[in-house]
Amino acid sequence: MTTHDQQDPQHTHNEHEDGAPDMDTGTTEPAGDANADAAIPELVIISGMSGAGRSTAAKCLEDLGWFVVDNLPPALIPTMVELGARSQGNVARIAVVVDVRGRQFFDNLRDSLADLDSKQVTRRIVFLESSDDALVRRFESVRRPHPLQGDGRIVDGIAAERDLLRELRGDADLVIDTSSLNVHELRAKMDAQFAGEEEPELRATVMSFGFKYGLPVDADLVVDMRFLPNPHWVPELRPFTGLNEEVANYVYNQPGAKEFLDRYTELLQLIAAGYRREGKRYVTIAVGCTGGKHRSVATAEKLAARLASEGVETVVVHRDMGRE
């Protein structure tokens, strides 16, 4: 069976994902002492919802020089890493695209991850997420069924896949929500995370948003700035955004605003230290207010500046600014 991994229908996307059947394969025993000092390749596992952009993410890594294997059975991932270690440095970075279509398939993936951890393989999981509405549009645009829908509807297949992938999503190092991204924007996000020659200790995305438009599904931490007065009700500030100096000054001259920023930055330092210890290299901090225009934007900018000054590579995204 072949499935399409699409972005929004108004954008052309011709890449495919070929499904692979469940396979009962044993793991290969490690080689002898001759390979004891072999360099273990860096590993990225790309997974997520069908239609959320797995093929695009994989193609981006391939363009960056990664050795990419599409739809490799999870039981064979440790074997692939071992073969890479025997390549005398020719295969230093491996990306594997996997999807979950059955419980046994997921069990194999979990066993493979445990095997990799026991061998101290540096591995990361990238999970591609998207809203139900966006996924339905993408499948309908190419007139193909969802791989798990069976005799039901597309939404039934999406629900089944979400259920199977829930645990894997929770273990992901990087979650990318592609609901509103086109192919080029997704590639830009992947480039930002993987193009650098040296990996930073921690990368942060600080995203402002409006609660009335919904929570960002890829947020690791959510900050609610609605405890501060809304500049929307100040006529001379209403037309501007939190990028405006007068708006930012208004927001941070309110009682508790500066104290909140100081204390939340201290909290993030504590959280960041824990993330580093656990090997988590990516964090998305969502900063919300009512409409995502004033308070959240000003706070996201200040918070990002604080993180950057402490050596955290930071990207700022204003999701809903200009949406009203």
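One can find the structure itself at the top, above this paragraph.
Residues numbered from 1 in each chain as written. Predicted model: local features only at pLDDT ≥ 70, side-chain atom pairs only at ≥ 80, totals over all residues. Heavy atoms only, no water.

Colleague: Explanation requested: the overall build of the protein chain in the structure shown.
Modeller: Of regular secondary structure, the protein chain possesses nine helices and 11 strands. Out of the 324 residues belonging to the protein chain, those deemed buried represent 48%. For the protein chain, long-range pairs separated by at least 24 residues make up 80% of all intrachain contacts whose partners lie at least 6 apart in sequence. Taken as a whole, the protein chain presents about 15,700 Å² of accessible surface, with 49% of it coming from carbon and sulfur. (Helix = DSSP H or I, 4+ residues; strand = E, 2+ residues; numbered from the N terminus. Buried < 20%, exposed > 50% of the residue type's maximum accessible area, 1.4 Å probe, protein only. Contact = heavy atoms within 4.5 Å. Areas by Shrake-Rupley, 256 points an atom, 1.4 Å probe, with all protein chains shown as cover.)

Colleague: Help me out: how do you make sense of the sheet that holds strand 4 (residues 67-70) in this one?
Modeller: Paired through their backbone hydrogen bonds, the strands of a sheet run either parallel or antiparallel. One open sheet accounts for five strands, arranged 4-5-3-6-7; its pairing is parallel. Looking at which strands have only one partner, the edges of the open sheet turn out to be strand 4 and strand 7 (174-177). Within the sheet, the average angular offset between the axes of one strand and its neighbour, ignoring direction, is 20°. Strand direction decides the pairing type here: strand 3 (residues 42-48) and strand 5 (residues 93-97), joined by five bridges, are parallel. Directly across from Ile 45, in strand 5, lies its bridge partner Val 96. (Pairing = 2+ DSSP bridges. Axes fitted to C-alpha atoms, helices over the stretch in contact; angles between N-to-C directions.)

Colleague: Mind showing me how you'd approach the packing of helix 1 (residues 54-63) against helix 6 (residues 183-194) here?
Modeller: Angle between the axes and distance between the axes are the two parameters that describe a pair of packed helices. The interhelical angle for the contact between helix 1 and helix 6, taken along N-to-C directions, is 50°, at an axis separation of 9 Å. In terms of their interaxial angle, helix 1 and helix 6 are classed as oblique. Along this stretch, helix 1 crosses helix 6, giving a crossing that reads as right-handed. Side by side, helix 1 and helix 6 meet where Thr 56, Ala 57, Lys 59, Cys 60, Leu 61 and Asp 63 of the first sit next to Val 183, Leu 186, Arg 187, Met 190, Asp 191 and Phe 194 of the second. (Parallel < 35°, antiparallel > 145°, perpendicular 65-115°, else oblique. Left-handed = near helix turned anticlockwise from the far one by under 90°.)

Colleague: Got a minute to help me understand unusual backbone geometry in this structure?
Modeller: In most cases, non-glycine residues show a negative phi, while peptide bonds are predominantly trans. Of note, the phi angle at Asn 71 is positive, near 55°, even though the residue is not glycine. Judged by its relative accessible area of 9%, Asn 71 is buried. Positive phi, normally seen in glycine, also occurs at Arg 143, with a value near 55°. With respect to the helices and strands, Arg 143 occurs in the loop between helix 4 (132-142) and helix 5 (154-171). For Arg 143, a relative accessible area of 78% gives the class exposed.

Colleague: Any chance you could explain the pattern of salt bridges here in plain terms?
Modeller: Should the charged atoms of two oppositely charged side chains come close, the side chains can pair. Evaluation of the coordinates by the stated rule reveals 21 salt bridges. Between Asp 224 and Arg 226 there is a salt bridge, with its nearest N and O atoms 2.9 Å apart. The class for Asp 224 is partly exposed, based on a relative accessible area of 35%. The partly exposed category is assigned to Arg 226, whose relative accessible area is 41%. (Salt bridge = Lys/Arg side-chain N within 4 Å of Asp/Glu carboxyl O.)

Colleague: How do you make sense of the sheet that holds strand 9 (residues 221-224) when you look at a structure like this?
Modeller: With parallel pairing, the four strands of this open sheet are ordered in space as 9-10-8-11. The open sheet is flanked by strand 9 and strand 11 (313-318), the only strands paired with a single partner. Averaged over all pairs of adjacent strands, the angle between strand axes in this sheet comes to 20°, irrespective of strand direction. Bridge analysis of strand 8 (residues 203-210) against strand 11 gives six bridges, and the strand direction is parallel. Bridge pairing in strand 11 places Ser 208 opposite His 318. Contacts from helix 6 reach strand 8, strand 10 (282-289) and strand 11 within the one sheet, and its direction differs from that of strand 8 by about 145°.

Colleague: Help me understand the nonpolar core in this model?
Modeller: Nonpolar side chains tend to gather and get buried jointly when the protein is soluble and globular. Formed by 47 residues in total, the largest nonpolar core has its most connected members in Leu 43, Ile 77, Met 190 and Phe 194. Once residues within four sequence positions are removed from consideration, Phe 194 is found in contact with Val 44, Leu 61, Leu 64, Trp 66, Arg 93, Arg 124, Val 126, Leu 174, Arg 203 and Tyr 282. Val 234, Val 247, Tyr 264 and Ala 304 belong to the second-largest nonpolar core, a separate cluster that totals 26 residues. (Core = buried A, V, L, I, M, F, W, Y, C linked by side-chain atoms within 4.5 Å.)

Colleague: What am I meant to see in helix 9 (residues 295-309) here?
Modeller: For an α-helix the count is 3.6 residues per turn, leaving residues at separations of three or four pointing the same way. Along its 15 residues, helix 9 runs 21 Å from first to last C-alpha, staying within 8% of the 21 Å computed at 1.5 Å per residue. Residues Arg 295, Ser 296, Val 297, Ala 298, Thr 299, Ala 300, Leu 303, Ala 304 and Leu 307 constitute the buried set of helix 9. Structurally, helix 9 contributes buried residues whose contacts are with strand 8, helix 7 (245-252), helix 8 (257-277), strand 10 and strand 11. Backbone geometry just after helix 9 places Gly 311 at a positive phi near 90°. (Expected span 1.5 Å × (residues − 1).)

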